[in-house]
Structure formats: structure tokens, C-alpha cells
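# Summary of structural features
What follows is each chain in one-letter form.
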Amino acid sequence: MDYLPIFFNLKEQHCLVVGAGDIAARKIELLSRAGAKITVLAQEIGEAVGAMQYLTIQQKSFVPDDLSQFKLVISATNNPETNALVAKTATEQSIPVNVVDNPGLSSFIFPAIVDRSPIVIAISSGGSAPVLARLLRAKLESLIPPAYGRLACLADRYRDKVKQHVKHVPLRRIFWETVFQGNIAEQVFSGNEQIAENLLIQSLNAIDGNDNNYGEVYLIGAGPGAADLLTFRALRLLQQADVVVYDRLVSDEIIDLARRDAEKIYVGKQRQNHSLPQPDINQLLADLAKSGKRVARLKGGDPFIFGRGGEEIETLMAQGIPFQVVPGITAASGCASYAGIPLTHRDHAQSCVFVTGHLKDDRVNLNWKQLSLPNQTVVIYMGLVGLELICAALIAHGSPKDLPIALIQQGTTDKQKIVTGTLATLPGLVVDEGIKAPTLIIIGTVVSLHDKLSWFTGTLGDSSNV
Ligand code: SAH
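From a predicted model like this one, the values you see are computed outputs, not experimental measurements.

Calculation rules
Residues numbered from 1 in each chain as written. Predicted model: local features only at pLDDT ≥ 70, side-chain atom pairs only at ≥ 80, totals over all residues. Heavy atoms only, no water. Pairing = 2+ DSSP bridges. Helix = DSSP H or I, 4+ residues; strand = E, 2+ residues; numbered from the N terminus. Axes fitted to C-alpha atoms, helices over the stretch in contact; angles between N-to-C directions. Contact = heavy atoms within 4.5 Å. Salt bridge = Lys/Arg side-chain N within 4 Å of Asp/Glu carboxyl O. Buried < 20%, exposed > 50% of the residue type's maximum accessible area, 1.4 Å probe, protein only. Core = buried A, V, L, I, M, F, W, Y, C linked by side-chain atoms within 4.5 Å. Domains from an automatic or database assignment. Near = heavy atom within 4 Å. Polar contact = N/O pair within 3.5 Å; in protein donor to acceptor, adjacent residues only side chain to side chain. Areas by Shrake-Rupley, 256 points an atom, 1.4 Å probe, with all protein chains shown as cover. Disulfide = S-S within 2.5 Å.

## As for the sheet that holds strand S9 (residues 243–246)
Across the sheet, which stays open at both edges, the 5 strands sit in the order S10-S9-S13-S8-S14 with parallel pairing between neighbours. Single-partner strands in this sheet number two, and they are strand S10 (263–266) and strand S14 (323–326). Within this sheet the neighbouring strands show an average axis-to-axis angle of 15 degrees, counted without direction. Where strand S8 (residues 216–221) lies against strand S13 (residues 294–299), 6 bridges are found, and the strand directions are parallel. Within S13, the position partnered with Tyr218 by the bridge is Ala296. Against the sheet, helix H11 (residues 278–290) touches S8, S9, S10 and S13, its axis set at about 155 degrees to S13.

In C-alpha cells form, the structure reads like this:
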């Protein structure tokens, strides 16, 4: 982060603007919206500034002594020497200074602003792409109803009352989330503020302020890696969770979407290195919820596909703990899409099976006969270690040696890498390519479509060997 975003309280503070053209006028307007007492210093006063009220105007050229007494200064002249002198003097006196369009001379810069006072959103590109910041602002402007300000004012009026009535901080947070996301907010947005206020009072009175029995678990599918493959529901629940319990396959990018103050607990497993046994994870979730926390249990892909999500909620169910399950994009869908390999296709495969290639006691217990049948796609999760054995078994049970097969490493992420070959060649190729888990294997003639339909290139790319 090149600049720290902070919000400056300028109410009744003396601020100086050097220059009085159109650009200065825009800065004066901003300062006055923040309640500053503004002095303008310039030899020539432009029309817009001349028409402004409540300004102190000094019609003269700038000298260093002019700066004493000011809390903040903006230099908006078209004279580089004056701008440089203002910057130098302010810096010497430790007064925050902005020279318009000159970040090099400025100790602070102005962000693009979405003003829904008291909600204010500031966006900055640190001076590197102001147009991008403005485009983002336009997006936010259209996304955030103007009535957000009124909603914040309503909340402000009831802040102390809610604090007194609802003593437990997490419960209070839930109360406000309900206010801001439900019917009360909708009423404010449609202009029915009185109805909104009545509803707020009603829901406040309905709360037992001393209750702390509100824990819940959200079993969330985090998808195969890319954060923008999360569902809206996953994002919303993740952002309201007090604790995040996550696995190895969940990317940092996704963990970062949780609340900053949420506790993050890693319970990931690596092959043969179980850092927390599954029964302990099940109980951990139950205990956290019992202590009144909202727990986001993040799992790679979909929780119900090779994710042991069922076992986790069985424990919750047995202990009477509320939970919700949010489906995620499973690795098979994610990897297939990002590799340009349709899992079914009228000319190739009328069915698709997902199997695990995880070796139990060094044996893969799969129905090889069934998996060797034609006109289907076989997707193998956790199959990297057993790849050689899997290919050999399929050939032994009747699959053609030249049946196309793809191995996708870290699918959907920028580290995605694809190796394609045949049942006979792939195990050797994978060794040569130095592939690492997580990887997904797709077997079937649909893999031959990859050359034609491949569209996504991670940084590591593609190695086609069919
Ligand atoms: N519940 C998960 C699967 C968990 S099992 C889901 O629905 O996707 C873990 C296996 O999933 C890994 O060994 C690998 O085979 C596969 N996998 C998960 N994410 C992957 C990714 N981004 N790229 C390739 N394979 C992935």
C-alpha cells in the first residue's frame, strides 16, 4: 500500500487554498463539504471562487509566512514555482499539503469519492491510474443507493440504545446485519423511513439482550481456487462469520475476503500428514458454534464432493447446532471449464463419473470394469500418486492404450497447468513436467477437444502430447 487511506476531521479547521481558478474551486467545494474554514490566497480570483461564500480571500502572492496557523494546505496554481514553494514551506512546517496533479510534491492525495454521508467511500490508484479509480467510482455510484446515507443516520440514532439493550458484541453485530440487509433497509430505500424506524424498534424489543445462543456453522464450498468462482451466498456468509475454519485447498485470496477481525483457523490436511483428525475438526466446529460464534467452514470445491462435509454436519446435527450448506464449484467443473474439456459431449460421452484415486493401503479399490466402458468421462480426484497404477488398470480392463487423458494442476488459478497424453504415455510425461498437487485427472475422448477449445492460459500453460 503506497498511501494510507484516512478520513480527516476538518470541521472548523483553518485550511488554505493557494490559487483561485476552476481546479481550486473544486477543492474548495470539497473542503467546505467537510466543514473546513477556508482561506483562499491568489492574485487573480476566478469566477467560480469569486461567487463562493464563507471564504476568506487574500488577494496577493504567496510567501512562506502565509502558512502559519493552517491545518492543511492545497496548492492549485498554474505556477510551478509557487506550487513548489507552498509544498516546501508546508513540508518544513509539517502541514499536510496537496499540490494538485503533482503527487511528488504532495504529502497527501485526493481520492475519488462516493459520498453517501455519513458513509463516504474513497478510492485511490495512488496516482497511477486516476481514470480507473474514477471508473470504479462510477460503478460504486450505481451500485449503492443514495439512501444509504439515510440508513446510516437511522443506525446512528439507535446506536446507543442498541448497545445498551444488546450486551453481547456478536449478537449486536447480527442485529445490525439484519437491519442493513433486510426489510428495514428496504423500507429506508423506498422512502418509508417511519416504517423502517418502527420495524427497527420492534426487532430490538424482540431480542433477549442477554442471550448468547446464536452460534451457527456455514459449511461453504470455496470452489477450486479462483476467488471470483465463489457464490454470492458464500461471500455473504463468509463476510459475516466470526471464525473461519479452512483447509489447505482454500486460497489466500478467498481467506482475505473474510472480516479482518475474524479468527482464522487452519485445519488443513496434507497427504499422510493429518494436522487435525477429522473427528477433532467436527467437534471444533460444534464447540465454536456453542460458544456463540458464527463459523464459516471453508472447504475446497464443493463440501459434498470428496469433502467429508457430510461427516461434519452429522456431528452438528447430533448436537443440535444450526448450520447451512453452501455448494461450491467442484474441481471437476472448474478444471474442465478452464481446460476447455466439456465433461459430456454428444459425440463423445453420455455420462460422467467422479471417483477418488486416493490409495488406501497402496491399493486403489475402484470398479475398473465399469470405468473402462466407452462413451463416458472419468474424473479422478486425488489421483496423482496413483496415476501409473490407474492407467495400467484401465488398460488391463479393456480401455484403449491411446485413450486421451489430461492432468490439470491447480485448475482455475493463474498457476493452472495442463498435461495431456494417452493412458500409455501420461504417467511418464507427468514425471517429466514436475507436476504438483492438487491435480485432477480427466479420462475419455472429450479430452481430445482440449486442443480446439482451450481458452484460459494460466502462467504455466499447457503441454499437449496426444
Ligand atoms: N471437495 C473438493 C475435493 C476435495 S478432494 C471439490 O469438490 O473439488 C481434493 C482433490 O480435489 C485434490 O486432490 C484434487 O484432485 C482436486 N482438486 C481440488 N482443487 C483442485 C484444483 N484447483 N485443481 C486441480 N485439482 C483440484
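## Notes on the pattern of salt bridges
Any two side chains of opposite charge can pair, given that their charged atoms come close. Counted according to the given criterion, the structure contains 20 salt bridges. Here Asp66 and Lys60 are joined by a salt bridge, their closest N and O atoms 2.7 Å apart. In this structure Asp66 comes out as buried when scored by relative accessible area, which is 14%. Measuring nitrogen to oxygen at the nearest pair gives 3.3 Å for the salt bridge that ties Arg259 to Asp242. With a gap of 17 residues between them, Arg259 in the loop between helix H10 (252–255) and S10 and Asp242 in the loop between helix H9 (232–240) and S9 connect regions that are remote in the sequence. Asp242 shares its class with Arg259; the two are buried.

## Section: the nonpolar core
Counting residues in hydrophobic clusters, the biggest one holds 22 residues, and the most contacted among them are Leu387, Ile405, Leu426 and Ile443. Of all the secondary-structure elements, those providing two or more residues to this core are helix H14 (368–371), strand S16 (376–381), helix H15 (387–396), strand S17 (404–409), helix H16 (426–433) and strand S19 (439–443). At 5 residues, the largest contribution of residues to this core is made by H15. Residues contacting Ile405, with those up to four places away along its chain left out, are Leu387, Cys391, Val419, Thr420, Gly421, Thr422, Leu423, Leu426, Ile441, Ile442, Ile443 and Val447.

## Considerations on the domain arrangement of the protein
As far as domains go, the protein holds domain 1 (14–110), domain 2 (147–206), domain 3 (216–329) and domain 4 (339–463). Between the C-alpha centres of domain 1 and domain 3 the distance comes to 52 Å.

## Some remarks on the site of the ligand
Taken together, 18 residues lie around the ligand, and Pro224, Asp302, Ile305, Thr330 and Thr439 are the ones closest in. One of the backbone N or O atoms of Gly300 is found 3.0 Å from a nitrogen atom in the ligand. One nitrogen or oxygen atom from the main chain of Met382 is found 2.8 Å from an oxygen atom belonging to the ligand. Taking 550 Å² as the accessible area of the ligand by itself, protein coverage stands at 92%. When residues of the shell around the ligand are traced back to their parent elements, those giving at least two are helix H13 (331–339) and S19.

## Digging into the state of the cysteines
Counted according to the given criterion, the structure contains 0 disulfides. Free of any disulfide, Cys335 has its nearest neighbouring cysteine sulfur in Cys352, separated by 12 Å. Classification of Cys335 by relative accessible area gives buried; the value is 4%.

## As for unusual backbone geometry
What is expected of a backbone is that most residues other than glycine have negative phi and most peptide bonds are trans. In the segment running from Ser117 into Pro118, the intervening peptide bond is cis, with an omega of 5 degrees. Looking at where Pro118 falls in the secondary structure, it is placed in the loop between strand S6 (112–116) and strand S7 (119–123). In the Ramachandran plot, Arg308 falls in the positive-phi region, its phi being about 55 degrees despite a non-glycine side chain. With respect to the element layout, Arg308 can be found in the loop between S13 and helix H12 (309–318).

## Focus on the environment of Gly300
With respect to the helices, strands and loops of the structure, Gly300 is situated in the loop between S13 and H12. On the accessibility criterion, Gly300 (22% relative accessible area) is partly exposed. As a C-alpha pair, Gly300 and Cys391 span 91 residues in sequence and 26 Å in three-dimensional space. Dropping the residues within four chain positions of it, Gly300 is found in contact with Ala222, Gly223, Leu249 and Val250.

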